[in-house]
Amino acid sequence: MSQITLTFPDGNSRDVPAGITPGEVAADISKSLSKKAISATVNGEHFDLAWPIEADASIAINTMQDEAPALELIRHDLAHVMARAVQTVFPDVKVTIGPVRDFGWFYDFDRQEPFTPEDLGAIEAEMKKIINARDPVRTEIWDRDRVRQHYTDTDEPYKIELLDRIPGDEPIRMYWHGDWQDMCRGPHLQHTGQIPADAFKLTRVSSAYWLGDNTRPQLQRIYGVAFRNRDDLKKHQQFLEEAEARDHRRLGREMDLYHMQEEAPGQVFWHPNGWTIYTTLQDYMRRRQRAGGYVEVNTPQVVDRKLWEASGHWDKYQDHMFIVEVDEEHAREKAINALKPMNCPCHVQIFNQGLKSYRDLPLRMAEFGSCARYEPSGALHGIMRVRGFTQDDGHIFCTEDQIQDECAKFIAFLTETYADLGFESFDIAFATRPEKRVGSDESWDHVEGALEAAIKSTGNPYRVEEGDGSFYGPKLDFYLTDAIGRVWQCGTFQVDPNLPERLGATYIGEDSGKHRPYMLHRATLGSFERFIGILIENSAGRLPFWLAPQQVVVASIVSEADDYVHEVVAALTKAGVRASADIRNEKINYKVREHSLAKVPVILAIGRKEVEDRTVTLRRLGEKTTQVIELDTVTADLGMEATAPDLR
RNA sequence: GCCGCUGUAGCUCAGCUGGUAGAGCACAUCAUUCGUAAUGAUGGGGUCGGGGGUUCGAAUCCCUUCAGCGGCACCA
């Protein structure tokens with residue numbers, strides 16, 4: 001038998017017979033390691049302890065101390081354990097697939113009846129039994145025909161379909177957890193007893209399409225979360241509670257920002273508080289865009305379908321557009337219009353007015369464009385996903401040579417904007433051509449190359465998302481991470497050679513001939529509605545002072561202070577602070593509590609002393625301490641704090 | 001759009017197997033002028049998402065519809 005050389009993380013190596021398994025290697029090292037071992041990393045690949053190693057390799061034996069492999073195995077084995085438990089409790093259920101996801105895993109089952117929350121309890125109990133039984137996990141490589149025969153015999157059609165999707169050169173592995181068996185690429189733990197029995201939880205049931213395809217059957221999905229120990233599970237549950245406490249739908253009501261109602265699903269009724277945030281943010285963006293060399297425009301809401309046909313949107317998106325029909329009784333002829341779902345075709349119309357010269361490029365056109373999209377009912381979510389929204393939209397008409405510079409300018413613009421809004425960093429994804437697209441492959445080659453060169457030249461790190469581009473061009477997407485680690489896609493920068501072509505945009509070049517401009521679609525916030533939702537959740541309702549709808553409440557302690565309270569409010573208002581008086585006949589405790597719950601960032605309390613000394617006692621939201629400050633000082637300080645960051 | 005769940009006072013929620021609805025907070029009135037997260041008393045308020053049906057009788061059962069929630073699919 002031939003010998004191979006294994007190299008360990010500490011640099012030591014040893015010669016062993018080819019075909020040795022990591023489990024045997026671990027046993028060779030020590031008995032305790034052999035018991036603690038969960039898997040190995042062989043040449044960087046996550047390896048089952050039972051898989052043979054055939055050639056020289058680097059090897060590391062993993063234990064529960066190694067977080068990434070440990071979590072992967074725990075969650076993956078739990079998927080199997082759960083599937084086994086489900087088939088024990090409900091023998092008629094067909095198994096499909098159960099991958100590791102997010103904080104746990106899910107597994108899809110084919111079953112007539114949906115699972116109920118009560119079922120989960122029974123399944124969870126059965127899972128604990130399996131774990132306590134410490135059933136050994138065993139693997140074998142089968143050939144295709146044998147697997148096919150097996151799943152034909154056991155009547156598991158989904159498994160056969162999965163089998164057919166495995167590339168021909170991959171080994172087909174069969175795993176046993178005790179006497180329960182599943183086809184799986186592995187790796188897995190040594191035995192079910194290695195799964196921490198107190199660190200997982202089945203969380204919810206739902207349905208999902210087989211293979212994510214909405215023309216295929218719907219399966220019943222069970223989600224679970226799992227960690228290495230109970231504390232981590234608890235921390236995760238606390239994270240979920242934290243996220244719930246920050247939910248913009250809840251804070252939106254508590255802070256009286258907006259409401260929504262049945263008569264206008266997916267559309268926002270902004271209350272004075274919410275609209276203050278909205279307009280403050282919009283004013284800020286307007287100033288920034290002006291400074292960034294954009295001209296602002298505004299375009300119609302109701303536009304004839306002819307334009308949408310020309311742009312290509314009618315073909316692709318008419319099911320998601322609000323169609324407005326005008327019949328012959330009202331017009332000379334029947335007309336079909338659509339509420340605009342985006343602004344770009346209208347911007348091309350403005351560009352097309354009059355002759356444009358190469359000297360006009362780049363032409364940066366911005367609009368706070370109110371759009372309407374008939375989003376599927378199941379997609380609606382608070383103010384994050386709505387049917388009526390306003391984008392901070394912009395289109396840059398430029399030459400190919402200018403793409404790189406515009407890309408760099410935009411990233412700088414976006415970096416500053418995000419920083420002002422409390423997000424210090426972001427991630428960039430470069431999304432390439434999707435399957436369904438317009439334009440030739442040559443054109444895509446060209447444009448993708450130009451955009452990638454542009455992003456490279458800025459020096460910003462980015463990742464590539466194959467096939468995730470727009471149907472008309474590649475794009476960069478910008479992702480923010482919020483205060484509790486959730487990721488939001490907001491900004492976008494898209495190169496589009498197609499729309500100018502379809503809508504006949506041209507400019508006169510230096511050669512006095514007609515040329516086709518490129519169009520760069522770009523947004524920083526995305527939509528005001530959604531971005532405000534993100535701001536609320538990121539700050540847990542404690543918005544930065546300049547964005548807070550109610551910045552200061554001046555609260556009287558005794559009614560003798562009322563006149564001075566009004567004077568303080570007037571002084572603050574004059575300094576540009578959104579301040580209001582609270583001279584109700586209530587105790588200061590009551591007022592502090594109420595305004596704190598409403599997330600007012602600053603409360604100024606006024607009693608006899610303050611009236612006499614012409615001071616205020618200032619208390620910031622969430623702080624227990626107070627400070628006494630001269631009226632003039634507090635007015636100046638808060639006035640500065642209320643100023644938008646770009647004006648300070 | 002699909003699957004499941006939910007829909008009772010402004011908010012959060014109770015209301016068992018059908019017999020014309022209840023709590024806390026909020027609100028109003030009165031008293032209290034009280035120094036940093038709820039002062040006390042009294043009082044008003046809903047016909048139970050909409051429509052239809054079963055029944056002597058429905059918030060409670062059935063059908064249908066709308067909306068919301070959790071996923072899936074979608075996201076120009």
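Conventions adopted
Residues numbered from 1 in each chain as written. Chains lettered and ligands numbered in written order. Predicted model: local features only at pLDDT ≥ 70, side-chain atom pairs only at ≥ 80, totals over all residues. Heavy atoms only, no water. pLDDT = per-residue confidence, 0-100. Pairing = 2+ DSSP bridges. Helix = DSSP H or I, 4+ residues; strand = E, 2+ residues; numbered from the N terminus. Axes fitted to C-alpha atoms, helices over the stretch in contact; angles between N-to-C directions. Near = heavy atom within 4 Å. Polar contact = N/O pair within 3.5 Å; in protein donor to acceptor, adjacent residues only side chain to side chain. Nonpolar A, V, L, I, M, F, W, Y, C, P; charged D, E, K, R; others polar. Disulfide = S-S within 2.5 Å. Parallel < 35°, antiparallel > 145°, perpendicular 65-115°, else oblique. Left-handed = near helix turned anticlockwise from the far one by under 90°. Contact = heavy atoms within 4.5 Å. UniProt positions renumbered as here; feature names shortened; annotations may be inferred. Salt bridge = Lys/Arg side-chain N within 4 Å of Asp/Glu carboxyl O. Buried < 20%, exposed > 50% of the residue type's maximum accessible area, 1.4 Å probe, protein only.

Once that is clear, we can look at the confidence of the model for chain A. Taken as a whole, chain A shows an average pLDDT of 94; of its residues, 100% reach a score of 70 or greater. Interface predicted TM-score (ipTM) for the complex: 0.95; the corresponding pTM is 0.94.

Time to look at the sheet that holds strand S9 (residues 137-142). With antiparallel pairing, three strands are arranged side by side in an open sheet as S9-S10-S11. Looking at the sheet topology across the chains shown, the edges are occupied by S9 and strand S11 (180-183). Ignoring strand direction, the axes of neighbouring strands in this sheet form an average angle of 25°. Pairing between strand S10 (residues 172-177) and S11: four bridges, direction antiparallel.

Around RNA strand B sit 52 residues in total, of which Ser206, Gln218, Asn585, Arg593 and Arg619 are the nearest. In the interface set of RNA strand B, defined as its atoms within 4 Å of the protein, sugar plus phosphate atoms amount to 52%. Separating a base nitrogen of RNA strand B from a backbone N or O atom of Gly378 is a distance of 3.1 Å. Of all the secondary structure elements, the ones that give two or more residues to the surface near RNA strand B are strand S12 (200-209), strand S13 (218-226), helix H8 (248-254), helix H11 (313-317), helix H18 (588-597), helix H19 (608-613) and strand S32 (615-620). Per-element tally for the surface near RNA strand B: the top contributor is H18, with seven residues. Across the surface near RNA strand B, the residue classes tally to 19 nonpolar, 19 polar and 14 charged.

In this section: the state of the cysteines. Think of a disulfide as a covalent bridge from one cysteine sulfur atom to another cysteine sulfur atom. This model, assessed by the stated rule, comprises zero disulfides. With no disulfide of its own, Cys398 has Cys407 as its nearest cysteine by sulfur position, at a separation of 10 Å.

Turning our eyes to something else, we now look at the packing of helix H9 (residues 272-291) against helix H13 (residues 403-420). It is the contact of H9 with H13, at a shortest axis distance of 12 Å, that shows an interaxial angle of 155°. Classified by the angle their axes make, H9 and H13 are roughly antiparallel. Crossing geometry of H9 relative to H13 is assigned as right-handed. Contacts between H9 and H13 involve Tyr284, Met285, Arg288 and Gln289 from the former and Phe413, Glu416, Thr417 and Asp420 from the latter. Class assignment for the residues of the contact of H9 with H13 results in three nonpolar, two polar and three charged.

What follows concerns unusual backbone geometry. Leaving glycine aside, a negative phi is the common case for residues, and trans is the common case for peptide bonds. Gly186 connects to Pro187 through a cis peptide bond whose omega is -5°. Along the chain, Pro187 falls in the loop between S11 and S12. The omega angle of the peptide bond from Leu361 to Pro362 is -5°, so this bond is cis rather than trans. Tracing the backbone through its elements, the reader meets Pro362 in the loop between helix H12 (344-352) and strand S20 (363-372). Not every positive phi belongs to a glycine, and Asp102 is a case in point at roughly 45°. Examined against the element boundaries, Asp102 turns out to sit in the loop between strand S7 (100-101) and strand S8 (104-110). Phi angles above zero are rare outside glycine, and Arg614 is one such case at about 55°.

A word on the UniProt feature "domain: Aminoacyl-transfer RNA synthetases class-II family profile" (unreviewed entry) in chain A. Under the feature "domain: Aminoacyl-transfer RNA synthetases class-II family profile" (unreviewed entry), the UniProt entry names residues 247-544. The span residues 247-544 is 34% helix and 27% strand, and its two end C-alpha atoms sit 17 Å from each other.

With that settled, the discussion passes to the pattern of salt bridges. A complete count under the given rule lists 41 salt bridges for this structure. Put simply, Glu537 and Arg486 hold a salt bridge, and the shortest N to O gap is 3.1 Å. With Glu537 in helix H16 (residues 528-539) and Arg486 in the loop between strand S24 (475-481) and strand S25 (487-496), this pair connects stretches of sequence that are 51 residues apart. Classification of Glu537 by relative accessible area gives buried; the value is 5%. Residue Arg486 is classed as buried on the basis of its relative accessible area of 18%. Salt bridges linked by common partners bring Asp582, Arg584, Lys591 and Glu594 together as one network.

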